[in-house]
Amino acid sequence: MRVLCVAEKPSAAKAIATMLSNGRFRTTPTSDPYCKNYEFSCKVNNADATVVMTSVRGHLYTGFFEGRVNKMWQLADPITLFHHPIKKAVTESLKNVEKNLKDLSLRSDALFIWTDCDREGEAIGGEVRDTCIAINPRLQVWRARFSAMQKSAIERAAQQPIALDQQQIDAVEARSELDLRVGASFTRIQTLQLGSLLQTWKVLSFGSCQFPTLGFVVKRFEDIKSFVPESSWKLDMLYTRTHEAQTYTTRFHWMKDRLTDPHACYAIYEGCISNGPAKITMLKESKTSKKKPLPLTTIELQKKLCRILKISGEQIMKIAEELYTGGFISYPRTETNQYDATFEFGPLIEMQTQDPTWGSYATLLMGSAFEKPRSGSDNDKAHPPIHPTAYNDRLTGDAKSVYDYIVRRFLGSCWKDAKGDETVVIATVDEEDFRAKGLVIKERNYLDVYTYDTWSGGQLAPFHRGETFQPTELKVVEGQTTPPVLLTEPDLIALMEKHEIGTDATIAEHIQKILDRGYAYKVNNRFQPSSLGISLVLGYNAIGFEKSPSQPELRSQVDYLLDGG
C-alpha cells in the first residue's frame, strides 16, 4: 500500500518521519522552498506500507468575495458584503504546496492526515483532503490522533487512524466566513469614512475579537483618566515583646479597615487611648496548606510567563511550538487542566532525575513524595495538560526559561501541598477589634521545585486568650485610594479568558494585532491605547448600539450561537 502522510508544517513532517522510519528515510525537494518529501517504509494501520511524508504550511485556502468588489472597495456598499458570494482558493504563495499534494495523491492509495489535533488542525486537514480527493477520488482518508511528538505516541497513532471530524471543520469554516464578512465590512467602513478625516490612507482594520481586546485596553485607560482619589483614615496598632531572648513585633490590622470620615476615626482613636489596654479575645491555631499548582493550560502558560519573562504571549507560543515540534513538551495548545486516570507520570518524572538543578526533586518524586496532581474543571477532550515529554539540557535563552517553567510546573503538580501552622489572634481595645496572623511553614514540598510560588508569614509572639497588653504603638494613618494601572499582558489575557474572547490558540494573536495595527502600544510592558485606538472604541460606544463591537458581550454571544447555544 502507498500512503501519503501530510503534516501541518514542515518541521512536524520531518519529526514524524524520523520517528516512524527510525531515522531511515530518503529526502526529496519539492517546488516549494520550505516543504520536503520524506520517503520510507513502515507499518501503517497494521499493514506494510510505502510512505511519503510531506506537509502544508498551515491553511491552504483563502476566502474572498466574488468579482471585482473583492479589491475595488468603492464598487459595493460595505453592508452588502454580509450576503455577497464568497469563494475559496489556494493562496497564491502556496500553489507549489498544492501541486506537490496533487502529484503525490495520484501515486497513493491512502491519505493519512497528521495535522495538529485541535479545531484549526482539523480544518486544515479538511482542506488537504479536499485537495487530494479532487485529483484522486479513490483515496482512503485517515486521520492521526496524537497529543505529543513522542515516538510511542506517533507509532500508536499510525496504527490507530480515525476519521476527520466534519463538525469541527464546519465550525471553523462558519467562524471563518463570519469573521471575513464582519471584518471586511467594518474595515471598509472605517477606512473609507475615517481615512479622510484622519488624513491617512492606511487600512483601519476591524476584527470581531480584535476590537473587544482593544476595548479592554481603552476602558482601563479611561478608568484611570476618570479616577478621583478619595482620602481615608485607619487605625494601626503595633506590639513588640521579648520572649525567651527573642524579640517579636506583631502588626495588628483594624478590622473596620478604614473610614472616610476623619472625625469618626479620631473619636474611635481617642476611645482606644483612653480605655486601653488591649485584650486577646480570640486565639485560633490550626493546620494550613498552600495548594500546589493545577496542571498547565495554554492560557495559564501565557499569563505566568508574560509576567516572569517580560515577553509577549505570541513569543511564548512560538517557543512552545518549537519545543513541541522538537519532541520536548506535549501539544502546547490545550484547555485541559486535569490528567486522565491512565496517565503515566513515572517515565516522565524519571527523565528529569538527571538534571543538576531539579534532578534531586524528581528522584524524590519517584518515591514517597509523589502525589497525583489536582484536577481542574476543564477538559477539552483533545489534549492533556502541557507537560515535558523529554529531557533537554542544551537549551538557552528564552527557550530554556519556557522549558524550565514547564518542567518545574509539572514536577510541582506531582508533589504534595505545602503545609504549615497558622495562628490567628484578635485583640480588642474599647470594643474595636484588631487582627494579626502568623504562619510557620513546616513542609515546603512542592515549593522547593516550583520556585515561582511564594508562601511567607512571620511567626507571632506567644499569646494566650484573655491576656492583656499595652500596645507599643497605636496611631491614626491617613491614606488615599490609588488609581488603577494600565493593563499588563497577563491582565489582558485574564480579561479575554474571563469574557471568552478568542481561544487558547488565538488570544496571543489578537493581542499582537492591536499592537501591529497601531491601536495600542506598550510602555514598560503595559498597554497604552493610541489616539486612534481610543477614538475608534469611544466612537463605537457613542453610536448607541445595544451591544457595542468594542464590548466583550457581543462576541461572546456570537460564539455561544455558533456553538449551538
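Now for a quick tour of the structure. Numbers given for residues are sequential positions, taken from 1 along each chain in its written order. In view of the model being predicted, local features appear only for residues whose pLDDT reaches at least 70, and side-chain atom pairs are presented and counted only at 80 or more, with totals across whole chains, interfaces and linings using the full set of residues. Note that the side-chain values use all heavy atoms of the structure and ignore hydrogens as well as water.

## Section: the pairing of strand β8 (residues 140-143)
Inference 1: Strands pair, by our definition, only if DSSP identifies at least two bridges between them. Helical segments are the DSSP runs of H or I of at least four residues, strand segments are the runs of E of at least two, and each set is numbered from the N terminus. Here four bridges tie strand β7 (residues 110-114) to β8, and the two strands are oriented parallel to one another. By the bridge assignment for β8, L111 is matched with V141.

## A look at the sheet that holds β7
Inference 1: Reading across from one edge, β2-β3-β4-β1-β7-β8 is the order of the six strands in this open sheet, with mixed pairing throughout. Because the sheet does not close on itself, it has two edges, and the strands there are β2 (26-29) and β8. In this sheet, adjacent strand axes meet at a mean angle of 25° when their direction is disregarded.
Inference 2: The pairing of strand β1 (residues 2-7) with strand β4 (residues 47-55) spans six bridges and is classified as parallel. What sits directly across from V3, in β4, is V51.
Inference 3: Contacts between residues were defined by any pair of non-hydrogen atoms, one from each residue, lying within 4.5 Å. Here an angle of 0 to 180 degrees is reported between the N-to-C directions of two axes, which are lines fitted to C-alpha atoms, with helices fitted over the stretch in contact. Of the strands in this sheet, β1, β3 (36-44), β4 and β7 touch helix α1 (residues 10-21), which is tilted by about 35° from β3.
Inference 4: Packed onto the sheet, helix α2 (residues 95-106) meets β1, β3 and β4 and runs at close to 165° relative to β4.

## A few points about the pairing of strand β9 (residues 231-243)
Inference 1: Strand direction decides the pairing type here: β9 and strand β15 (residues 473-480), joined by eight bridges, are antiparallel. Residue W233 lies in a different strand from β15, and its bridge partner there is E478.
Inference 2: Two strands pair when backbone bridges link them, and β9 and strand β10 (residues 246-254) are joined in this way by eight bridges, in the antiparallel orientation. Bridge pairing links T240 to T249 in β10.
Inference 3: In textbook terms, the turn of a hairpin is the stretch between consecutive antiparallel strands, and for β9 and β10 this stretch comprises two residues, one of which, E244, has a positive phi near 50°.

## Quick look at the side chain of T488
Inference 1: Within the secondary structure, T488 is located in the loop between β15 and α13 (489-498).
Inference 2: By relative accessible area, T488 is classed as buried at 16%.
Inference 3: Here a polar contact is taken to be a pair of N or O atoms separated by no more than 3.5 Å, where protein atoms must pair a possible hydrogen donor with a possible acceptor and residues adjacent in sequence count only if both atoms sit in side chains. A distance of 2.9 Å separates a polar atom in the side chain of T488 from a polar atom in the side chain of D491.
Inference 4: Those residues in contact with T488, other than ones at most four positions away along the chain, are R307, N525, R526 and F527. Any residue under 20% of the maximum accessible area for its type is buried, any over 50% is exposed, and the rest in between are partly exposed; the area is computed with a 1.4 Å probe on protein chains only.

## Side note on the nonpolar core
Inference 1: Nine residue types can take part in a nonpolar core, namely buried Ala, Val, Leu, Ile, Met, Phe, Trp, Tyr and Cys, and a core is a set of them joined through side-chain atoms within 4.5 Å. Counting residues in hydrophobic clusters, the biggest one holds 100 residues, and the most contacted among them are M53, W114 and L301.
Inference 2: Counting residues in hydrophobic clusters, the runner-up holds 24 residues, among them A427, V429, A436 and V476.

## Observations concerning helix α5 (residues 166-198)
Inference 1: How far a helix is expected to stretch is found by multiplying one less than its residue total by 1.5 Å. In a regular helix each residue adds 1.5 Å, so 33 residues correspond to 48 Å; α5 covers 45 Å between its end C-alpha atoms and thus fits that length.
Inference 2: At every residue, the bend is computed as the angle between two fitted axes, covering the seven residues ending there and the seven beginning there respectively. Approximately 25° is the largest bend angle found in α5, and it occurs at L192.
Inference 3: Of the residues flanking the start of α5, the one acting as N-cap is D165, its side-chain oxygen 3.1 Å from the backbone nitrogen of Q167.

## Here we look at helix α15 (residues 531-543)
Inference 1: For α15, which comprises 13 residues, the first-to-last C-alpha distance of 18 Å matches the rise-based estimate of 18 Å (1.5 Å per residue) to within 8%.
Inference 2: On its buried face, α15 is in contact with α5, α6 (210-226) and β17 (526-529).
Inference 3: Phi for G544, located one or two positions after α15, is positive at around 95°.

Purely geometric numbers; function is a separate question.
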